[in-house]
Each structure stands twice: as structure tokens, then as C-alpha cells.
Amino acid sequence: MFTDEYFMKMALYEAEIALEKDEVPIGCVIVSNNRVIARAHNLTEALNDVTAHAEMQAITSAANFLGGKYLKDCTLYVSLEPCVMCSGALSWSQISKVVIGARDEQRGFINKKLSLHPKTEIIVGVMEHECSSIVKEFFKSKR
Ligand SMILES: [Zn+2]
């Protein structure tokens, strides 16, 4: 029951909430022992803050929940590949696993030849189609 798809759907649901607020639709959840301990979506417009990416907020909120800064034994599910800023934050958090929906060839960390913490397992392409089309549709509607 607790598959990568199961939690990616929750990340995608967060992206849909962002879309309703006219934010770039990216969402994520952080899971520990099959329990969601943080959920967030992009809020850069609402907060007037370029750092208010879903991942940044979820990292802070998961650390608050755990009462420690390191996210060991945690998995982040994010609908779009993290950017350079978020990959840096994820690296500092020492998170155990990162599951990515769709790739972001232009702004994602992978093409920038960056990696996360050496111990972090990375999985790419879970529900890729759904995760990428919500972003594509959003930008299409903006043109
Ligand atoms: Zn980011």
C-alpha cells in the first residue's frame, strides 16, 4: 500500500493546491516510517519570497516535527526535480531518500552535475507524466 506512487500522489495533490492559488504547481511531502510528517507546495507568490519552494518549507517543517535538523530515515516525494537551492538544502538535511516525479532539465540539479548527500538514494520518474503535465499546462496558460 505504501508505494512510491502512493506518496507521489500526495505530493501531486499539494501541487494542485498551489495551482489553485496561481502558484507554479509543485508540491512535496516528507515521509518517515510510512507517515507523512510534512507537506508543502510552492508559495513564492503568496509569500513574495523566491526561496518559498515546496521543498524548503517541507524541510523546515519536518525538522520541527522531528525536533532535530537531520532528516535521517526520511523520504522526500517531490513532483518536480529540485532546483540548485533545494538540492543544497536537501544535501544539508542528510535525507535518506528523494523520489522525484518529473525532471526539470533546465533548472534541476541533475543537469548541473550536482548531487545530494552521498548517502541519499535518488529515484526519478515516479508518475512522471502527471507531474510534468501540471507544470506544462500552467505555463501554457500563462502565455
Ligand atoms: Zn527549489
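Conventions and cut-offs
- Here the residue index of a chain counts from 1 through its sequence in written order.
- This being a predicted model, a pLDDT of at least 70 is required before a residue's local features are given, and a value of 80 or more before pairs of side-chain atoms are given or counted; all residues contribute to the totals for chains, interfaces and linings.
- Excluding hydrogens and water, the side-chain figures rest on all heavy atoms present in the structure.
- Shown as donors are all N, O and S atoms within 2.8 Å of a metal ion, widened to 3.2 Å for Na, K and Ca; because water is not in the atom set, sites may appear incomplete.
- Residue burial is assigned from relative accessible area. The probe radius is 1.4 Å, only protein chains are included, and a residue is buried under 20% of its type maximum, exposed over 50%, and partly exposed in between.
- UniProt positions are given in the numbering used here, feature names are shortened, and annotations may be inferred rather than shown by experiment.
- Secondary structure follows DSSP: runs of H or I at least 4 residues long count as helices, runs of E at least 2 residues long count as strands, and numbering of each begins at the N terminus.
- Any two strands are treated as partners once DSSP identifies two or more bridges connecting them.
- Fitting a line to C-alpha atoms yields each axis, with helices limited to the stretch in contact; the angle taken between N-to-C directions then spans 0 to 180 degrees.
- Whether two residues touch is decided by their heavy atoms; if any such pair falls within 4.5 Å, the residues are in contact.
- Both cavities and pockets are sets of points on a 1 Å grid over the protein atoms alone; in a cavity a 1.4 Å probe fits but cannot get out, in a pocket the set is open with protein on both sides within 12 Å along at least five of seven lines, and lining residues sit with an atom within 4 Å of a point.
- Grid points are joined across faces, edges and corners, and a volume is the space filled by probe spheres set on the points.
- Gly falls in the polar group here, along with every residue not listed as nonpolar (Ala, Val, Leu, Ile, Met, Phe, Trp, Tyr, Cys, Pro) or charged (Asp, Glu, Lys, Arg).
- A pair of aromatic rings is counted whenever rings of Phe, Tyr or Trp (Trp by its six-membered ring) have centres within 6.5 Å, and the orientation is called stacked for planes under 30 degrees apart, edge-to-face for over 60 and tilted otherwise.
- An angle below 35 degrees is treated as roughly parallel, one above 145 as roughly antiparallel, one from 65 to 115 as roughly perpendicular, and anything else as oblique.
- By the definition used in this description, the sense in which the near helix is turned from the far one sets the handedness, with an anticlockwise turn below a right angle giving left-handed and a clockwise turn giving right-handed.

Draft legend 1. Fine view of the coordination of the zinc ion. Coordination of the zinc ion by the protein is provided by His53 (ND1), Cys83 (SG) and Cys86 (SG), with metal-donor distances spanning 2.0 to 2.3 Å. Motif for the zinc ion, donor spacing along one chain: H-x29-C-x2-C. You can call Cys86 buried: its relative accessible area is 0%.

Draft legend 2. Representation of the UniProt feature "active site" (unreviewed entry) in the chain within the structure. Mapped onto this numbering, the UniProt entry annotates "active site" (unreviewed entry) at Glu55. As for its position among the elements, Glu55 is in helix α2 (residues 54-66). Residue class for Glu55 comes out buried when judged on its relative accessible area of 3%.

Draft legend 3. Region of the structure containing the sheet that holds strand β4 (residues 97-102). With mixed pairing, five strands are arranged side by side in an open sheet as β2-β1-β3-β4-β5. Where the open sheet ends on each side, the last strands, each with one partner, are β2 (35-41) and β5 (121-124). Here the strands of the sheet are splayed against their neighbours by 15° on average, with no regard to which way each runs. Pairing analysis gives four bridges linking β4 to β5, with the strands arranged parallel. By the bridge assignment, Lys97 is partnered in β5 with Glu121.

Draft legend 4. Spotlight on the environment of Leu12. Considering the arrangement of structural elements, one finds Leu12 in helix α1 (residues 4-20). Considering only alpha carbons, one finds Leu12 and Ser79, 67 residues apart in sequence, at a separation of 5.9 Å. Sequence-distant contacts of Leu12, that is, excluding residues within four places in its chain, are made with Ser79, Met127, Glu130, Cys131 and Ile134.

Draft legend 5. Representation of the layout of surface pockets within the structure. Looking at the largest pocket, its volume works out to about 740 Å³. Residue assignment for the lining of the largest pocket shows that the elements contributing at least two residues are α2 and α4 (128-142). With five residues, the single largest contributor to the lining of the largest pocket is α4. Looking at side-chain class alone, the lining of the largest pocket contains eleven nonpolar, five polar and ten charged residues.

Draft legend 6. Examining the packing of aromatic side chains more closely. One pass over the structure, following the stated rule, counts five aromatic pairs. When the ring of Phe2 is compared with that of Phe7, the centres are 5.8 Å apart and the planes differ by 10°; the resulting orientation is stacked. Since its relative accessible area comes to 40%, Phe2 is described here as partly exposed. Among the aromatic residues, ring-to-ring pairing joins Phe2, Tyr6, Phe7 and Tyr77 into one connected group.

Draft legend 7. Focus on the packing of α2 against helix α3 (residues 84-93). It is at 9 Å that the axes of α2 and α3 come closest, and there the two elements cross at 20°. Considered as vectors, α2 and α3 are oriented roughly parallel to each other. The interaxial crossing formed by α2 with α3 has left-handed handedness. Residue-level inspection shows Glu55, Met56 and Ile59 of α2 in contact with α3, the latter providing Met85, Cys86, Ala89, Leu90 and Ser93.

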